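# A look at the structure
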Amino acid sequence: PLCSIFLGNGPSGICLSYLLSGYIPYFRRDSIHPHPILQRKLEEAPGVSILDQDLEYLSEGLEGRSHSPVALLFDTLQRPDTDFGGTAESVLTWWHETDRAIPHLVLGRNAPGGAWHSIEGSMVTLSRGEWMGLPDLPFKDWLKQKRRGLRNNRATAEDIAQYYQHYVMKKGLQKNFKCGTVVTSVRKVSAENVSNHEQKGLQVNSDSLWNFNEKSAEVFQVDGFFKTVRGDKEPFSLYAESVVLATGTYDSPTWLGVKGENLSYVHHQLSALEEAVKNNCIGITSDPVLIVGAGLTAADAILFAHHCNIPVIHVFRRRVSDPGLIFNQLPKMMYPEYHKVHQMMKEQTAACAGPYECYVSLPEHHVLSFGKDKKCIFQDKNGCQKVYKISMALVLTGSNPNLSFLPNNGIDLAMDNGQPVNPKRNPIDVDPFTYECTQEKGLYALGPLAGDNFVRFVQGGALAVASSLLKK
């Protein structure tokens, strides 16, 4: 049996695999951190690795753009003054201590990089390029090798996906990764029943086998199948002392739950629009495309349609001035294209024609139904209804994680265990300094599942899990 299995091979899983492969971070003795209190704490135990220190003590008093103390700690150690536009070097130095490696396996559907392989390659990231990097291999340095620079400090999704694959190879982690795997069940079983069973299915390196800790009465059984090159499904059963959930939130798009939403012209992914344009199913002379939602994916769809001169009707529930709207939180200088969409949303409502052709915004409206004749009915906050004929609809109102492999879809693990897990509203309830699930010992959650939605901050969760597993 293995010591640990991670479900999901995106940035969270890759970073944790690096830490558990014996790459240990220490404070670099000659470095000065701009945060004087943190500097003093780091100088107290210079010879002790960050993983072996008290993460709660080190992260106390740090402030920033994440609610997770450990996320802020690991981020500020790697990018000390990045929020102030600075380029100070990391205060960490990495040592490869092979005797501290913990045997583990990282299971993922795609190549390493997770959902980054499913995103349209030319899309530009919201975060600055250097914030997409993983420990001890700056993203900027990798881009320079490709003789490319960052556009407006940001990178494309294709660059990011390639960088994550390169990272796994460069750091020698590939032996821990099994791609093309789908997990169907994770449950706790008695360790006694398992000791006679060998792992079935997936080839696991003999040096990564592990004798169960004498004290563990229960272990996790992970079942699923591996998709072969020929397209066959080979089942597997694995056993582990701990399981790390790092499957992200890209799995199932949110539905509105209105009549006609299952009709063939209603889609829930941006790729449907790209596909329709590529196949000449829609163009300049088509009826408008309906885009529902006021997040960044909806904005990307509007920009794409605008670029192709395709008419758009844009429907969203919030007011344009709502402070909760993501556009009201982004600096204009850094995100000129999203600022443009926000401008269009404000100036181009159905009530008054504005400067942008082929675009109409309907703030504080919601969809009542989709008709078979492609007529869509909307309602505003006063109960007034409007009907528009459209060519296709894109409902882009967020996505939910698929945790169907867990008992009760993982609902029992959430902060509010009466509601499904949702990265923004109802993440999995974890200990902030170990990321272990409060409801299930030995089970950990990372990234969006634990409420960390940006690559620069998911790495702190990996640090917390690695520290916890090494101390066990």
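Scroll up to find the structure.
So, here's what we can say about the structure. Computed from a predicted structure; not experimentally measured. The residue numbering used here restarts from 1 in each chain and proceeds along that chain's sequence as written. Given that the model is predicted, a residue must reach a pLDDT of at least 70 before its local features are reported, and side-chain atom pairs must reach 80 or more before they are shown or counted; all residues, however, enter totals for whole chains, interfaces and linings. Side-chain calculation: all heavy atoms of the structure are included, whereas hydrogens and water are not.

### Here we look at the packing of helix α4 (residues 69–78) against helix α11 (residues 455–471)
All axes here are fitted lines through C-alpha atoms, helices being fitted over the stretch that makes contact, and every angle between N-to-C directions spans 0 to 180 degrees. Only DSSP runs of H or I reaching four residues or more are called helices, and only runs of E reaching two or more are called strands; each is numbered from the N terminus. Across the interface, α4 lies against α11 with an axial gap of 7 Å and an inter-helix angle of 110°. Considering their axes alone, α4 and α11 lie roughly perpendicular with respect to each other. On α11, the residues touching V70, A71, L72, F74, D75 and Q78 of α4 are R456, F457, Q459, G460, L463 and A464. When residues are grouped by polarity, Ala, Val, Leu, Ile, Met, Phe, Trp, Tyr, Cys and Pro land in nonpolar, Asp, Glu, Lys and Arg in charged, and all others, Gly among them, in polar. Of the residues belonging to the contact of α4 with α11, the class tally is seven nonpolar, three polar and two charged. Each angle is binned into one of four classes, with values under 35 degrees roughly parallel, values over 145 roughly antiparallel, values of 65 to 115 roughly perpendicular, and all other values oblique. Here, residues are in contact when the closest pair of their heavy atoms is within 4.5 Å.

### A few points about the environment of K374
Structurally, K374 is set in the loop between β16 (365–370) and β17 (375–380). Partly exposed describes any residue whose relative accessible area lies between the buried limit of under 20% and the exposed limit of over 50%, with all areas from a 1.4 Å probe on protein chains only and scaled to the type maximum. For K374, a relative accessible area of 31% corresponds to the partly exposed category. The spacing of K374 and V266 is 108 residues in sequence and 9.3 Å in space, taken between C-alpha atoms. Non-local contacts of K374, meaning those with residues more than four positions away in its chain, are made with Y265, Y388, K389, I390 and S391. N or O atoms within 3.5 Å of each other form a polar contact, as long as, within protein, one can give a hydrogen and the other can take it, and as long as residues adjacent in sequence are counted only when both atoms are side-chain atoms. A polar side-chain atom of K374 sits 3.3 Å from the main-chain carbonyl oxygen of S391.

### Section: the sheet that holds β17
The three strands are arranged β16-β17-β18 in an open sheet whose pairing can be described as antiparallel. Because the sheet does not close on itself, it has two edges, and the strands there are β16 and β18 (385–389). Strand after strand, the sheet turns through a mean of 30° between neighbouring axes, direction not considered. We call two strands paired when DSSP finds no fewer than two bridges between them. Examined bridge by bridge, β17 and β18 share five bridges and lie antiparallel to one another. Residue pairing across strands places K375 opposite K389, the latter belonging to β18.

### A few points about the pairing of strand β19 (residues 392–395)
Alternating residues of β19 divide into M392 and L394 and A393 and V395, and every residue in both groups is buried. Bridge analysis of strand β12 (residues 266–267) against β19 gives two bridges, and the strand direction is parallel. If you follow H267 over to β19, its bridge partner there is L394. By the bridge criterion, four bridges tie strand β13 (residues 289–292) to β19 in an arrangement that is parallel. Residue pairing for β19: V289 is matched across the bridge by M392.

### Focus on the nonpolar core
Soluble globular proteins tend to bury their nonpolar side chains together. L7, L245 and I428 are the most contacted members of the largest nonpolar core, which has 88 residues in total. A total of nine residues in this core trace back to one element, the largest contributor, which is α11. Setting aside its immediate chain neighbours within four residues, L7 contacts L107, V183, V186, V222, V243, V244, L245, A246, T247 and F405. Membership of the second largest hydrophobic core comes to 31 residues, among which are L270, A272, V289 and V312. The nonpolar core is taken to be a set of buried Ala, Val, Leu, Ile, Met, Phe, Trp, Tyr and Cys residues, with the residues joined through side-chain atoms within 4.5 Å.

### A word on the packing of aromatic side chains
Working definition: a ring pair exists when centres of Phe, Tyr or Trp rings (six-membered ring for Trp) sit within 6.5 Å. Plane angles under 30 degrees give stacked, over 60 give edge-to-face, the rest tilted. On inspection of all chains with the given rule, the structure shows 11 aromatic pairs. Taking the centre distance of 5.4 Å and the plane angle of 55° together, the rings of Y163 and Y164 count as tilted. Accessibility assignment for this pair places Y163 and Y164 in one class, buried. Ring centres of F378 and Y388 lie 5.7 Å apart, and the angle between their planes is 45°; on these two criteria the pair is classed as tilted. Taken as a pair, F378 in strand β17 and Y388 in strand β18 lie far apart in primary sequence, 10 residues in all. Taking the relative accessible area as the measure of exposure, F378 reaches 0% and is therefore buried. Here the aromatic cluster, defined as three or more aromatic residues joined through ring pairs, consists of Y18, Y23, F74, W94, F139, W142, Y163, Y164 and Y167. In this scheme, the term charge over a ring applies when either NZ of a lysine or CZ of an arginine sits within 6 Å of the ring centre and within 35 degrees of the ring normal. When the ring centre of Y57 is taken as reference, the NZ or CZ atom of K41 above it lies at 4.8 Å. One cation-aromatic arrangement involves K233 over F225; the distance from NZ or CZ to the ring centre is 4.6 Å.

### Describing the packing of helix α1 (residues 11–20) against helix α6 (residues 157–170)
Following both chains from N to C, one finds α1 and α6 inclined at 15°, their axes separated by 11 Å at the closest point. In terms of axis orientation, α1 runs roughly parallel to α6. As for how α1 packs across α6, the hand of that crossing is left-handed. Every residue of α6 that contacts α1 at P11, I14 and Y18 is listed here: Y164, Y167 and V168. Partitioning the contact of α1 with α6 into residue classes produces six nonpolar, no polar and no charged. Helix crossings are classified by the rotation of the near helix relative to the far one: an anticlockwise turn of less than a right angle makes the crossing left-handed, while a clockwise turn makes it right-handed.

### Remarks on α6
Compared with an ideal rise of 1.5 Å per residue, which puts 14 residues at 20 Å, α6 spans 20 Å between its outermost C-alpha atoms and is within 8% of the ideal. Backbone geometry just after α6 places G172 at a positive phi near 70°. Expected span of a helix: the number of residues minus one, times 1.5 Å.

### A word on the sheet that holds β12
What the five strands build is an open sheet, ordered β12-β19-β13-β14-β15; its pairing is parallel. With one partner strand each, in any of the chains shown, β12 and β15 (359–362) form the two edges of the open sheet. Note that strand β14 (residues 312–315) and β15 share four bridges and pair parallel. Bridge pairing in β15 places V312 opposite Y359.

### Overview of unusual backbone geometry
The backbone of N409 shows a phi angle near 55°, a positive value even though the residue is not glycine. You can see N409 is positioned in the loop between β20 (399–400) and β21 (443–445).

### Quick word on the pairing of strand β2 (residues 23–27)
Among the five residues that make up β2, five are buried, leaving the element largely enclosed by the rest of the structure. The side-chain alternation of β2 yields two buried faces, one formed by Y23, P25 and F27 and the other by I24 and Y26. Relative to strand β3 (residues 92–96), β2 runs antiparallel, the two sharing five bridges. Across the sheet, the residue bridging to Y26 is T93, located in β3.

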